[in-house]
Amino acid sequence: MGKLACVTGDPNKELTEVLRELRMSSEHRSQLKLAIAVDLSRSHISDIECMKSSPTVRVLFDIAKQLDMPLWEIIKKAEERAKQSND
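Residues numbered from 1 in each chain as written. Predicted model: local features only at pLDDT ≥ 70, side-chain atom pairs only at ≥ 80, totals over all residues. Heavy atoms only, no water.

Engineer: Now, about the pattern of salt bridges: what can you tell me, with residues and values included?
Structural biologist: Enumeration according to the criterion identifies six salt bridges in this entry. One salt bridge connects Arg81 with Glu14, and the closest N-O pair in it is separated by 3.1 Å. Placement of Arg81 in helix α5 (residues 71–86) and of Glu14 in helix α1 (residues 11–24) is noted, with a sequence separation of 67 residues between them. Under the relative-accessibility criterion, Arg81 is labelled partly exposed at 23%. Using a relative accessible area of 6% as the deciding quantity, one classes Glu14 as buried. Here Asp62 and Arg58 are joined by a salt bridge, their closest N and O atoms 3.3 Å apart. Remark: Arg58 and Asp62 occur in helix α4 (residues 57–66); sequence separation between them is four residues, near one turn of the helix. (Salt bridge = Lys/Arg side-chain N within 4 Å of Asp/Glu carboxyl O. Helix = DSSP H or I, 4+ residues; strand = E, 2+ residues; numbered from the N terminus. Buried < 20%, exposed > 50% of the residue type's maximum accessible area, 1.4 Å probe, protein only.)

Following this line, the structure appears as structure tokens:
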């Protein structure tokens with residue numbers, strides 16, 4: 001097993017940015033389309049992306065499924081971005 005990286009950036013900010021970028025490049029380009037696919041309101045998706053709301057693990061799994069990417073990979077991308085923002 002690899003070493004855990006020390007992340008000192010804001011992981012929540014990086015996670016929400018990764019989620020937004022993935023949404024924009026997916027078939028669920030609009031917040032409304034993604035919201036319908038994961039059975040949430042459009043405003044809830046917006047709140048997650050604007051860091052006004054923290055998604056549950058279940059919501060993250062549902063979003064990841066709709067974005068066709070494993071949740072671990074999304075988290076890894078956010079971790080890498082957080083590390084880069086500190087370099």
